[in-house]
Amino acid sequence: MTAIAVGTLLAPVGPPAASPAGAAVVVPSLGSVQSLYAQDLLARVNAERAVRNSAVQPVPQLAVDPGLAAAAQAWSAHLAAVGTVQDPPLSACGSNPGPGQLCELAGNTGVSGNGFWPGDGSDGMENAYMVSAGHRQNMLNAGYDTVGVGVTCSGGQAWTVELFGFTYGELGPAQSRQAAQNAVEGAPVPAGPSVAGTQTGVPVYCPGQTVGPNGQTTGAGGQYAYPYAVPPVPGEPTAATQDPAVGIAAAHGAGYWVARSDGAVAAHGSAVDYGSMAGQPLVAPVRHIVGTPGGRGFWLVGADGGIFSFGNAGFHGSMGGQPLNAPVVDMAPTPSGRGYWLVGSDGGIFAFGDAAFQGSMGGMALNAPIVGLAPTSDGGGYWLVAADGGIFAFGDAAYLGSTGSMPLNAPIVGMSPARNGQGYWLAAADGGIFAFGAAPFQGSAGSLPLQAPITGMAAYTTNGGYWLVAADGGVFAFAAPFAGAG
């Protein structure tokens with residue numbers, strides 16, 4: 001990332017350059033992400049300017065000019081095409097400019113580097129610009145009141161361009177603002193004061209971009225908190241607008257996936273981003289995510305029994321489009337991964353692939369609905385758990401205890417088998433954990449104040465630990481590595 005064309009108000013330069021020859025064409029499917037990224041980046045810059053604005057030192061908010069925006073986007077696409085950061089062309093305004101002509105005075109260009117810039121929105125580009133004196137001077141220069149921002153997502157990176165200027169004829173007021181700023185803050189403008197406030201929104205990332213030190217990748221939205229008070233961008237995902245997290249699945253190594261009801265999947269730690277159903281039309285919400293036996297893929301299961309396979313997870317059939325007596329709430333794979341069971345809230349079981357039907361609670365009177373399913377280690381049986389903690393064992397699954405007769409502070413929301421198949425854990429909505437058989441108790445979140453209820457759990461088979469996930473994407477790790485919330 002290099003500071004470029006650090007402008008002054010003593011030498012106004014010309015109108016936006018035409019789209020450079022050979023500029024890459026923005027993929028239409030990425031257009032909304034790139035636009036959102038640009039809006040978010042501008043919001044961050046204007047937040048920095050707002051904290052420095054005062055009666056004695058006016059620092060106007062930057063307004064977007066369509067011409068500058070088009071030029072910035074074209075140059076951003078060009079940078080992505082050539083694969084390197086280059087200065088944009090800045091030509092003179094001319095000897096006799098018109099009264100409304102826009103003068104383009106300075107520009108910033110950069111690339112995310114497919115990495116993580118901590119504590120900043122728009123994947124950290126604004127922070128990366130702020131630590132460079134030249135970039136920062138361009139962004140905070142009180143003389144400028146007009147901007148164009150371009151973003152091109154390419155190869156998991158964000159190629160960004162910011163072009164700054166003002167309308168010709170406004171040179172006097174612009175020089176006055178810059179002089180006041182120079183007198184108060186000096187030139188270049190220092191990084192302080194720091195901007196602080198209430199978190200609003202979440203950063204925006206390019207698809208496939210690495211956004212965390214754990215190697216996590218994401219689509220259009222990330223989950224790292226803003227340290228600044230920034231108006232949320234329309235369409236930007238926030239904690240209030242994101243669909244709830246509905247499950248967590250263990251990946252190969254020390255990682256996991258977190259799924260949301262809209263089919264979005266966040267990969268953490270060693271988990272590979274195999275894709276998701278985010279943005280796709282769903283007949284019914286996703287109810288759970290289940291990893292393959294080797295942790296190199298996963299299935300999503302919908303409330304209608306629809307199955308979506310990713311990575312090395314095979315599709316072996318589903319109940320999608322079939323009439324159901326009750327919604328599907330969970331699924332479990334066979335040891336081979338070449339089959340799976342689905343379970344409905346009424347206890348009905350649906351077996352696919354090499355999964356053998358061992359019985360069900362369908363048609364039986366239940367004190368509470370079924371909420372989870374766990375297989376035995378050899379695939380010869382399975383357990384069902386109800387919201388009151390009642391356990392129903394089928395095939396070679398041994399009954400090892402339950403909370404069916406115990407008063408609970410919160411309902412059971414799921415279960416997971418121990419790695420040796422000789423036990424199981426039950427997880428409650430308040431984070432309470434109940435361990436039975438050979439499943440070791442490694443701790444719980446039952447005594448913690450939770451921002452959102454627990455919705456799922458997954459076992460860390462390496463050492464008998466487990467993870468819990470809450471509806472807001474919070475992850476709680478017990479004798480298991482924590483690799484981020486999702």
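A. Layout of the pattern of salt bridges. In the structure shown here, the tally under the stated rule is 2 salt bridges. We note a salt bridge from Arg52 to Glu48, for which the minimum N-O separation is 3.0 Å. For the residue pair Arg52 and Glu48, the accessibility class agrees, reading buried in each case. Here Asp145 makes a salt bridge to Arg177, at a shortest N to O gap of 3.9 Å. Taken together, the positions of Asp145 in the loop between α4 (133-140) and β4 (146-154) and Arg177 in helix α5 (residues 171-185) put the pair 32 residues apart, joining distant regions of the chain. The buried category is assigned to Arg177, whose relative accessible area is 16%.

B. Here's a closer look at the sheet that holds strand β24 (residues 465-470). Judged by pairing direction, the sheet is antiparallel, and its 3 strands sit side by side in the order β23-β24-β25 without closing on themselves. Unpaired on one side and paired on the other, β23 (454-460) and β25 (475-478) mark the two borders of the sheet. On average, adjacent strands in this sheet sit at an angle of 20° to one another, irrespective of strand direction. Alignment of β24 against β25, held across 4 bridges, turns out to be antiparallel. Counted as the bridge partner of Leu468 is Phe476 from β25.

C. Here's a closer look at the packing of aromatic side chains. Within the structure shown, the criterion is met by 14 aromatic pairs. Ring plane angle 55° and centroid distance 5.0 Å describe the contact between Tyr256 and Trp467, whose orientation is recorded as tilted. Placement of the pair is Tyr256 in strand β9 (residues 256-260) and Trp467 in strand β24, with a sequence separation of 211 residues. For the pair Tyr256 and Trp467, one class covers both residues: buried.

D. Just α5, in detail. Across its 15 residues, α5 extends 21 Å between first and last C-alpha, which sits within 8% of the 21 Å expected from 1.5 Å per residue. Note on α5: the residue one or two positions beyond its end, Gly186, has a positive phi of about 85°.

E. Region of the structure containing the confidence of the model for the protein chain. Per-residue confidence for the protein chain gives a mean pLDDT of 79; residues scoring 70 or more make up 75%. Confidence drops under pLDDT 50 across residues 1-29; counting only partners more than four residues distant or on other chains, this segment forms 89 contacts. Contacts of residues 113-121 to residues separated by more than four positions or lying in other chains number 31 contacts, the stretch itself having pLDDT below 50.

What counts, and at which threshold
- All residue numbers refer to position in the chain's written sequence, counted from 1.
- Selection of residues for local features in this predicted model requires a pLDDT of at least 70, selection of side-chain atom pairs for listing and counting requires 80 or more, and totals for whole chains, interfaces and linings are taken over all residues.
- Only hydrogens and water are set aside when side-chain values are computed; all heavy atoms of the structure are taken into account.
- For this document, the term salt bridge refers to a Lys or Arg side-chain nitrogen within 4 Å of an Asp or Glu carboxyl oxygen.
- Only protein chains enter the calculation, and the probe is 1.4 Å; a residue is then buried if its accessible area is under 20% of its type maximum, exposed if over 50%, and partly exposed in between.
- Secondary structure follows DSSP: runs of H or I at least 4 residues long count as helices, runs of E at least 2 residues long count as strands, and numbering of each begins at the N terminus.
- Following DSSP output, two strands are said to pair if at least two bridges run between them.
- Each axis is a line fitted through C-alpha atoms, and for a helix only the stretch in contact is used; angles between axes span 0 to 180 degrees, taken between their N-to-C directions.
- Two aromatic rings, drawn from Phe, Tyr or Trp (for Trp, its six-membered ring), form a pair once their centres lie within 6.5 Å of each other, and the interplanar angle then sorts them: stacked below 30 degrees, edge-to-face above 60, tilted otherwise.
- Expected helix span is given by 1.5 Å per residue-to-residue step, counting one fewer step than there are residues.
- pLDDT expresses how confident the predictor is about each individual residue, on a scale running from 0 to 100.
- Any two residues whose heavy atoms approach within 4.5 Å are treated as being in contact.

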